[in-house]
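Understanding the architecture of this molecule
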Amino acid sequence: GVDSLVRVTPAMLKEKNGRKGKPAWSSYQGKVYNISPYLPYHPGGEGELRRAAGKDGTKLFMEVHSWVNWENMMGECMVGIMVSEDHAPV
Ligand code: HEM
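Summary of the structure given here.

Cut-offs applied
Residues numbered from 1 in each chain as written. Predicted model: local features only at pLDDT ≥ 70, side-chain atom pairs only at ≥ 80, totals over all residues. Heavy atoms only, no water. Near = heavy atom within 4 Å. Polar contact = N/O pair within 3.5 Å; in protein donor to acceptor, adjacent residues only side chain to side chain. 1 Å grid on protein atoms, 1.4 Å probe; cavity = no way out; pocket = protein on both sides within 12 Å on 5 of 7 lines; lining within 4 Å. Sits in = over half its atoms within 2 Å of the grid points. Helix = DSSP H or I, 4+ residues; strand = E, 2+ residues; numbered from the N terminus. Points joined across faces, edges and corners; volume = space filled by probe spheres on them. Nonpolar A, V, L, I, M, F, W, Y, C, P; charged D, E, K, R; others polar. Donors = N, O, S within 2.8 Å, 3.2 Å for Na, K, Ca; no water. Tetrahedral: all angles 85-135°; square planar, octahedral: opposite > 155°, others 65-115°. Buried < 20%, exposed > 50% of the residue type's maximum accessible area, 1.4 Å probe, protein only.

Description of the site of the ligand
In the vicinity of the ligand lie 16 residues, with His42, Gly44, Glu48, His65 and Trp67 positioned nearest. Within the side chain of histidine 65, a nitrogen or oxygen atom sits 2.8 Å from a nitrogen atom of the ligand. Most atoms of the ligand, that is more than half of them, are within 2 Å of grid points of the largest pocket. Listing elements by their share of the shell around the ligand, those giving two or more residues are α2 (46–50), α3 (58–65) and α4 (70–74).

What follows is the structure, given as structure tokens:
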């Protein structure tokens, strides 16, 4: 539920880049998703999806397949919402 959502700062997102065993998170229109479980299933390949790891994937996503419904497909993988750096959790 909404209570379990993490407030994610840009610095936190950058850390979740999927490298060295870290989870891969990507933001889309201000919402943050754990894309790790979807990596093996992405029709465009794992490497392409990894390009959005640790970043805002909105632009890449829209450039390739604006018709795909990210929110529907990734809804269960939503982990948080983006906040500005000075809203970092204590
Ligand atoms: C293909 C989903 C992120 C690159 C696809 C397809 C789906 C999909 C459903 C098949 C589309 C079709 O056949 O009409 C997603 C979801 C994403 C995501 C849910 C977000 C979590 C990305 C990102 C990239 C990317 C960030 C980076 C550029 C591609 C490419 C193809 C593809 C290159 C396919 C090409 C082909 O048909 O040869 N993706 N995608 N995707 N995706 Fe993604």
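On we go.
Some details on the layout of surface pockets
Reported here for the largest pocket is a volume of approximately 380 Å³. Around the largest pocket, the lining is made up of 18 residues, and of these His42, Glu48, Leu49, Phe61 and His65 lie nearest the centre. At the level of elements, α2, α3 and α4 are the ones that each hand at least two residues to the lining of the largest pocket. Among the elements that make up the lining of the largest pocket, the one with the highest residue count is α3 (four residues). Looking at the lining of the largest pocket residue by residue, the classes come out as twelve nonpolar, four polar and two charged.

Focus: the coordination of the iron atom of the ligand
The protein atoms donating to the iron atom of the ligand are His42 (NE2) and His65 (NE2), with metal-donor distances spanning 2.0 Å. Geometry at the iron atom of the ligand is octahedral, judged from the six donor atoms that bind it and their angles of 89 to 179° at the metal. With histidine 42 in the loop between β3 (31–34) and α2 and histidine 65 in helix α3, this pair connects stretches of sequence that are 23 residues apart. The same class applies to histidine 42 as to histidine 65, namely buried.

Just distances and angles here, no functional claims.
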